[in-house]
Amino acid sequence: MKILVINAGSSSLKYQLFDMENGDVLAKGNCERIGSGGTITHKRPGKENYYAEVDLPSHDDALVLVLDLLVSEEYGVIGSIDEIDAVGHRIAHGGEKYKQSTPIDDDVIAYLETIVPINPLHGPPAIKGMKACRRLMPKTPQVGVFDTSFYSNMEDFRTIYPIPYEYYTDYKIRRYGFHGTSHRYVSAKAAEVLGKPIEELKIITCHLGNGSSITAVNGGVAIDTSMGFTPQEGVPMGTRSGSIDPTVIPYIMKLKNFTPEQIEDLLNRESGLLGVSGVSNDNRNVAKAAAEGNYRAGLAIKILVNSIKKLIGSYVAELNGIDALVFTAGIGENDSSLRSNVCAGMDFFGIKIDEDANSNAPSGKNVNISAKDALVQTLVIPTDEEYMIALDTAKFC
Ligand code: AMP
């Protein structure tokens, strides 16, 4: 069985074609600058990459190009588009309706259109991607896999903000959570690595990348998570502030005479690691500057570490203890120094890592970095959201 996974962004379209017999990626790539030029990078394992600058006015054009490449004599990996058994779409927001992955039909698209106001950045491109696939591959089943659905069992007292209740009933302002596909994948993988049924485990998963979130998983069910109404809440990120005192926002707006768009920009694109360090949004650059003695870079990292620790502590309290702590995504998988700083001084919780195992953890592998006498298993698990989407999609074939 072959599954094509599509992740449509505002000006990009990422794709991966899986052979589900063995989980192999047959081809993957990315169309970028859709609507303002266009490029494509197409990769096949063990073969030379293909890169081209092409005119891509729309997501439809990008998808036509991708499908052409997948079957092309020179760069293709399948004989015909009919070999694709189903298409899985990464959808950031499923609103309150989609509690699990769902076959896409007119009703699903119509519902997703109604929630664009609460998902303005990711909703429209995802809808464009789905519509393009349905037009170009009308007989192939399409499945939506929602980042929010992993959180659909979160209890009301963890999702409702303490503001007048009507803002929830009238405008659906509540906590939804994001990165669910990644947290779902790594928590399941952690159970597999530990050789225990996930139903018996309490796990805290730290997805730390350019965007970051932390999730408490009890018996395979996400009970709380750090991102809320949008992917802004929680820990500081590359350019996002994460949680701050909400009164700072109107205060800055009045001080600077900012419009809502300007303050959104400040909090989404100029804050986080970039805003505090003044160096970069990229953790590698900030860590390097910190190591060279740059005060603001060091401060940015300390704020990030402290914020992660506070969330882990609060989730240990909510879960009444944990069995496993998992690090994943660009920072979580690769930055051993950050992992060490986060885990330092948490032996009270049973979290204790083996510093050698941590600093020597090979990249791209599932690694247990716990100290021998640790009560909590600390793991590094590479995330694979696309494969999780393919697995969900395959269930509908
Ligand atoms: P992601 O969004 O998951 O691709 O993660 C991107 C983040 O991971 C960036 O801030 C990178 O600087 C960070 N990252 C990637 N590799 C490393 C590394 N070897 N050491 C530290 N940070 C890294």
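Placed above this text is the structure.
Residues numbered from 1 in each chain as written. Predicted model: local features only at pLDDT ≥ 70, side-chain atom pairs only at ≥ 80, totals over all residues. Heavy atoms only, no water.

Let's talk about the site of the ligand
Here is step 1: Close to the ligand lie G209, N210, D282, N283, R284, A329, G330, I331, N334 and D335, which account for all nearby residues.
Here is step 2: Of all elements in the fold, only α10 (283-291) and α12 (329-334) reach the threshold of two or more residues within the shell around the ligand.
Here is step 3: In terms of residue count, the dominant contributor to the shell around the ligand is α12 (4 residues). (Near = heavy atom within 4 Å. Helix = DSSP H or I, 4+ residues; strand = E, 2+ residues; numbered from the N terminus.)

Here's the deal with the packing of helix α1 (residues 59-71) against helix α3 (residues 123-136)
Here is step 1: Relative to each other, α1 and α3 sit at 50 degrees, their axes nearing to 9 Å. Relative to α3, α1 is oriented oblique. Along this stretch, α1 crosses α3, giving a crossing that reads as right-handed. For the pair α1 and α3, contact is made by H59, D60, L63, V64 and L67 and by P125, K128, A132, C133, R135 and L136, respectively.
Here is step 2: For the contact of α1 with α3, the per-class residue count stands at 7 nonpolar, 1 polar and 3 charged. (Axes fitted to C-alpha atoms, helices over the stretch in contact; angles between N-to-C directions. Parallel < 35°, antiparallel > 145°, perpendicular 65-115°, else oblique. Left-handed = near helix turned anticlockwise from the far one by under 90°. Contact = heavy atoms within 4.5 Å. Nonpolar A, V, L, I, M, F, W, Y, C, P; charged D, E, K, R; others polar.)

Description of the sheet that holds strand β13 (residues 367-368)
Here is step 1: Strand order in the open sheet made by the 6 strands is β11-β10-β9-β12-β14-β13, with mixed pairing throughout. Edge positions in the sheet fall to β11 (221-225) and β13, since each has one partner strand and no second.
Here is step 2: Pairing analysis gives 4 bridges linking strand β12 (residues 324-328) to strand β14 (residues 377-380), with the strands arranged parallel. Bridge pairing in β14 places L325 opposite T378.
Here is step 3: Helix α11 (residues 295-319) rests against β9 (202-208), β10 (212-218), β11 and β12 of the sheet, and its axis sits at about 160 degrees to β9. (Pairing = 2+ DSSP bridges.)

Remarks on the environment of G37
Here is step 1: Here G37 shows up in the loop between β3 (24-32) and β4 (39-43).
Here is step 2: Once the C-alpha coordinates of G37 and R135 are considered, the two residues, 98 residues apart in sequence, prove to be 23 Å apart.

Examining a nonpolar patch on the surface
Here is step 1: Taken together, the side chains of I163, Y167 and Y171 present a nonpolar region at the surface, about 320 Å² in accessible area.
Here is step 2: Structurally, the position occupied by I163 is in the loop between α4 (156-159) and α5 (166-171).
Here is step 3: By relative accessible area, which is 42% here, I163 ends up partly exposed. (Patch = residues over 30% accessible without salt bridge, like charges linked within 9 Å, V, L, I, M, F, W, Y side chains within 5 Å. Areas by Shrake-Rupley, 256 points an atom, 1.4 Å probe, with all protein chains shown as cover. Salt bridge = Lys/Arg side-chain N within 4 Å of Asp/Glu carboxyl O. Buried < 20%, exposed > 50% of the residue type's maximum accessible area, 1.4 Å probe, protein only.)

A short note on the sheet that holds strand β2 (residues 13-19)
Here is step 1: Spatial ordering of the open sheet is given by β5-β4-β3-β2-β1-β6-β8-β7, a layout of 8 strands whose pairing is mixed. Every other strand in the sheet has two partners, leaving β5 (50-53) and β7 (102-103) as the edge strands with one partner each.
Here is step 2: By the bridge criterion, 2 bridges tie β7 to strand β8 (residues 142-146) in an arrangement that is antiparallel. Bridge pairing in β8 links T102 to G144.
Here is step 3: Here α3 sits on the sheet in contact with β1 (2-8), β6 (86-91) and β8, set at roughly 170 degrees to β6.

Section: the layout of surface pockets
Where empty space is left can be seen by rolling a probe of water-molecule size over the atoms.
Here is step 1: In this structure, the second largest pocket occupies an estimated 350 Å³ of space.
Here is step 2: Along the walls of the second largest pocket sit 22 residues, with S226, E233, G234, S243 and L311 positioned nearest its centre.
Here is step 3: Mapped by element, the contributors of at least two residues to the lining of the second largest pocket are α4, β11 and α11.
Here is step 4: Among the elements that line the lining of the second largest pocket, the one with the most residues is α11, at 6 residues. (1 Å grid on protein atoms, 1.4 Å probe; cavity = no way out; pocket = protein on both sides within 12 Å on 5 of 7 lines; lining within 4 Å. Points joined across faces, edges and corners; volume = space filled by probe spheres on them.)

Concerning the side chain of H207
Here is step 1: Examined against the element boundaries, H207 turns out to sit in strand β9.
Here is step 2: For H207, a relative accessible area of 6% corresponds to the buried category.
Here is step 3: A polar contact is formed between the side chain of H207 and the side chain of S182, at a distance of 2.8 Å.
Here is step 4: Not counting residues within four places of it along the chain, the set of residues in contact with H207 comprises H179, S182, H183, S212, S213, T328, A329, T383 and E385. (Polar contact = N/O pair within 3.5 Å; in protein donor to acceptor, adjacent residues only side chain to side chain.)

Considerations on the nonpolar core
Here is step 1: One finds I204, C206, I308, I312 and L325 to be the most contacted residues of the largest nonpolar core, which totals 36 residues.
Here is step 2: Where this core is concerned, the elements lending two or more residues are β9, β10, α10, α11, β12 and α13 (336-343).
Here is step 3: Examining the composition of this core, we find that 11 residues originate from one element, α11, more than from any other.
Here is step 4: Setting aside residues no more than four positions away along its own chain, C206 makes contact with S213, I214, I308, I312, L325, V326, F327 and T328.
Here is step 5: Residues L4, I6, I34 and A52 belong to the second largest nonpolar core, which totals 24 residues. (Core = buried A, V, L, I, M, F, W, Y, C linked by side-chain atoms within 4.5 Å.)

Looking at the packing of aromatic side chains
Here is step 1: Evaluation of the coordinates by the stated rule reveals 9 aromatic pairs.
Here is step 2: Here the aromatic rings of F18 and Y387 are separated by 5.6 Å at their centres, their planes lie at 45 degrees, and the arrangement is tilted. Of this pair, F18 sits in strand β2 while Y387 sits in helix α15 (residues 385-394); the two residues are 369 residues apart in sequence, bridging distant segments of the chain.
Here is step 3: Taking the relative accessible area as the measure of exposure, F18 reaches 1% and is therefore buried.
Here is step 4: Consider the rings of Y50 and Y75, whose centres lie 4.3 Å apart with planes at 40 degrees: the pair is tilted. Note that Y50 is positioned in strand β5 and Y75 in the loop between α1 and β6, a separation of 25 residues in sequence.
Here is step 5: The partly exposed category is assigned to Y75, whose relative accessible area is 21%.
Here is step 6: Ring pairing ties together the aromatic residues Y98, Y111 and F146, which thus form one cluster. (Phe/Tyr/Trp six-rings, centres within 6.5 Å; stacked < 30°, edge-to-face > 60°.)

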